[in-house]
Amino acid sequence: MTADAARPKPEQLVLDLPHRAALGLEHFLVSDCNAAAVELIDSWPNWPTRSVGVVGPAGAGKSHLAHVWRLKSGADSWPASDLSEAAVASFETNRAIAVEDIDRGIADDRIFFHLLNLAREKSYALLVTSRAAPGDLDVPLPDLRSRLKALPLAHIASPDDAVIKAVLVKQFADRQLLVEPLVIAYLALHMDRSFESAQRLVARCDHLALTRQRRVTRPLASEALSSEGFGSQVAQERD
């Protein structure tokens with residue numbers, strides 16, 4: 001064996017390029033855990049009130065549904081942490097707005113309260129997304145806090161086993177990766193039952209597959225699980 005052959009091959013340099021997720025309603029995975037939120041988006045413009053909220057854990061598809069609603073309604077979208085007078089002007093123009101991730105901070109409570117008032121007074125449409133119930137958030141402005149407590153909500157619950165597998169398949173497909181069902185089942189068995197864990201694991205598998213120039217196999221999936229903190233579950237299976 002030559003000296004060159006004995007040397008380990010370096011891992012391939014990987015450019016951290018963003019992947020493009022499919023965001024049409026036909027690409028959204030509907031199940032019992034998110035059916036209420038999907039029904040809410042489908043029912044627009046016949047909402048029970050002019051302002052509504054979608055609440056669910058990280059990675060549950062809140063932004064996906066907000067995007068679908070924006071396509072239906074012509075709404076603009078603003079992170080709550082960026083709210084300004086420009087959001088008010090946009091709302092007046094489009095008569096529909098999505099205010100996303102209010103649990104991560106609201107830039108200006110009074111602007112947000114003004115948006116809610118516009119929705120009520122002028123019959124505009126306002127969609128709020130959050131990881132926590134809006135009424136449970138620590139909001140300094142009493143009037144806004146009261147309004148958020150009364151906001152009609154559609155909840156997205158934690159996924160069951162079937163949904164987790166479907167989410168994994170979709171996440172891999174968004175990255176143009178075909179993965180065998182046995183690998184999907186293996187990941188679902190050992191990971192946390194959360195949308196966020198599915199996103200992290202698929203990203204890790206993608207990175208490892210690119211650096212090693214390999215398919216996403218069970219050994220590679222096992223390595224991804226260990227690197228994301230699920231090593232104990234994998235080790236228990238081996239014992």
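Residues numbered from 1 in each chain as written. Predicted model: local features only at pLDDT ≥ 70, side-chain atom pairs only at ≥ 80, totals over all residues. Heavy atoms only, no water.

A.B. asks: Looking at this model, I keep getting lost on the overall build of the chain. Mind explaining?
C.D. replies: In terms of helices and strands, the chain carries eleven helices and five strands. Each of the 239 residues in the chain was classed as buried or not, and the buried ones make up 45%. Intrachain contacts of the chain at a sequence separation of at least 6 include 71% that bridge at least 24 residues. With the model as given, the accessible surface of the chain reaches about 12,800 Å², and the carbon-plus-sulfur share is 51%. (Helix = DSSP H or I, 4+ residues; strand = E, 2+ residues; numbered from the N terminus. Buried < 20%, exposed > 50% of the residue type's maximum accessible area, 1.4 Å probe, protein only. Contact = heavy atoms within 4.5 Å. Areas by Shrake-Rupley, 256 points an atom, 1.4 Å probe, with all protein chains shown as cover.)

A.B. asks: I would appreciate a short explanation of the environment of Val30 in the present structure.
C.D. replies: Along the polypeptide, Val30 turns up in the loop between helix H1 (3-6) and helix H2 (35-43). According to the relative accessible area criterion, Val30 is exposed, its value standing at 52%. Between the C-alpha atom of Val30 and that of Ala166, which follows or precedes it by 136 residues, the distance is 9.9 Å.

A.B. asks: Explain the packing of H2 against helix H3 (residues 62-73) here, please?
C.D. replies: When two helices pack together, their arrangement is given by the angle between the helix axes and by the axis-to-axis distance. The geometry of H2 relative to H3 is characterised by a closest axis approach of 10 Å and an angle of 10 degrees between their N-to-C directions. When the axes of H2 and H3 are compared, the pair comes out roughly parallel. Note on element contacts: H3 touches H2 through Leu65, Val68, Trp69 and Lys72, opposite Ala37, Val38, Ile41 and Asp42. Tallied by class, residues from the contact of H2 with H3 come to six nonpolar, no polar and two charged. (Axes fitted to C-alpha atoms, helices over the stretch in contact; angles between N-to-C directions. Parallel < 35°, antiparallel > 145°, perpendicular 65-115°, else oblique. Nonpolar A, V, L, I, M, F, W, Y, C, P; charged D, E, K, R; others polar.)

A.B. asks: Please explain the pairing of strand S4 (residues 125-130) as it appears in this structure.
C.D. replies: Walk down a regular strand and you will see the side chains alternate between the two sheet faces. In terms of burial, S4 is largely enclosed, as six of its six residues are buried. Residues Ala125, Leu127 and Thr129 line one face of S4 and the alternating positions Leu126, Val128 and Ser130 line the opposite face, and both faces are buried. As judged from the five bridges shared by strand S1 (residues 51-55) and S4, these two strands associate in the parallel manner. Bridging from a neighbouring strand, Val52 pairs with Leu127 of S4. Pairing of strand S3 (residues 96-100) with S4 involves four bridges; the strand directions are parallel. (Pairing = 2+ DSSP bridges.)

A.B. asks: Could you clarify how one ought to interpret the nonpolar core in this entry?
C.D. replies: A general tendency of soluble globular proteins is for nonpolar side chains to be buried together. Core analysis: the biggest nonpolar cluster contains 46 residues, and Trp69, Leu127, Leu168 and Leu187 have the highest contact counts within it. Among the elements that line this core, the one with the most residues is helix H9 (residues 195-212), at seven residues. Ignoring sequence-local partners within four residues, the contact set of Leu187 consists of Leu168, Phe172, Leu201, Cys205, Ala221 and Leu225. (Core = buried A, V, L, I, M, F, W, Y, C linked by side-chain atoms within 4.5 Å.)

A.B. asks: Looking at this structure, how should I read the sheet that holds S3?
C.D. replies: Across a sheet, strands are paired by hydrogen bonds formed along the backbone, either parallel or antiparallel in direction. Ordered by their spatial adjacency, five strands build an open sheet running S2-S3-S4-S1-S5, and the pairing between neighbours is parallel. Single-partner strands in this sheet number two, and they are strand S2 (76-79) and strand S5 (153-155). Between one strand axis and the next, the sheet turns through 20 degrees on average, direction left out of account. Sheet topology places S2 next to S3; four bridges connect them, and they run parallel. Paired with Ser77 across the two strands is Ala98, which belongs to S3.

A.B. asks: I would appreciate a short explanation of the pattern of salt bridges in the present structure.
C.D. replies: Once the charged atoms of two side chains with opposite charge are near each other, the side chains can pair. Under the definition given, this model contains nine salt bridges. Measuring nitrogen to oxygen at the nearest pair gives 3.3 Å for the salt bridge that ties Lys165 to Asp161. Of this pair, Lys165 and Asp161 are both found in helix H7 (residues 161-174), four residues apart, which corresponds to roughly one turn of the helix. As a salt-bridge pair, Arg193 and Asp161 come within 3.0 Å of each other at their nearest N and O atoms. Residue Arg193 is located in the loop between helix H8 (181-190) and H9, and its partner Asp161 is located in helix H7; the two are separated by 32 residues in the primary sequence. Through salt bridges with shared partners, a single network forms among Asp161, Lys165 and Arg193. (Salt bridge = Lys/Arg side-chain N within 4 Å of Asp/Glu carboxyl O.)

A.B. asks: Before we go on, may I ask you to explain H3 in this structure?
C.D. replies: Because each turn of an α-helix spans 3.6 residues, side chains separated by three or four positions end up pointing in the same direction. Taking 1.5 Å per residue as the helical rise, H3 with its twelve residues ought to reach 16 Å, and the 16 Å between its terminal C-alpha atoms agrees with that figure. Buried within H3 we find Lys62, His64, Leu65, Ala66, Val68, Trp69 and Ser73. Its buried side turned inward, H3 meets H2, S1, S3, S4 and H7. Directly after H3, the chain includes Gly74, whose backbone phi takes a positive value near 75 degrees. (Expected span 1.5 Å × (residues − 1).)

A.B. asks: I'm lost on the packing of aromatic side chains in this one. Help?
C.D. replies: For any two aromatic rings, the description comes down to two numbers: the centre-to-centre distance and the angle of the planes. The tally for this structure, following the rule as stated, stands at three aromatic pairs. On the numbers, 6.3 Å between centres and 85 degrees between planes, the contact of Trp44 with Trp69 is edge-to-face. A residue pair is termed long-range when its members are at least 10 positions apart, and Trp44 in the loop between H2 and S1 and Trp69 in helix H3 qualify at 25 residues. An angle of 20 degrees between the planes, with centres 5.2 Å apart, marks the rings of Trp47 and Trp69 as stacked. With a gap of 22 residues between them, Trp47 in the loop between H2 and S1 and Trp69 in helix H3 connect regions that are remote in the sequence. Side by side, Trp47 and Trp69 carry an identical accessibility label, which is buried. The rings of Trp44, Trp47 and Trp69 are connected pair by pair, giving a single aromatic cluster. (Phe/Tyr/Trp six-rings, centres within 6.5 Å; stacked < 30°, edge-to-face > 60°.)

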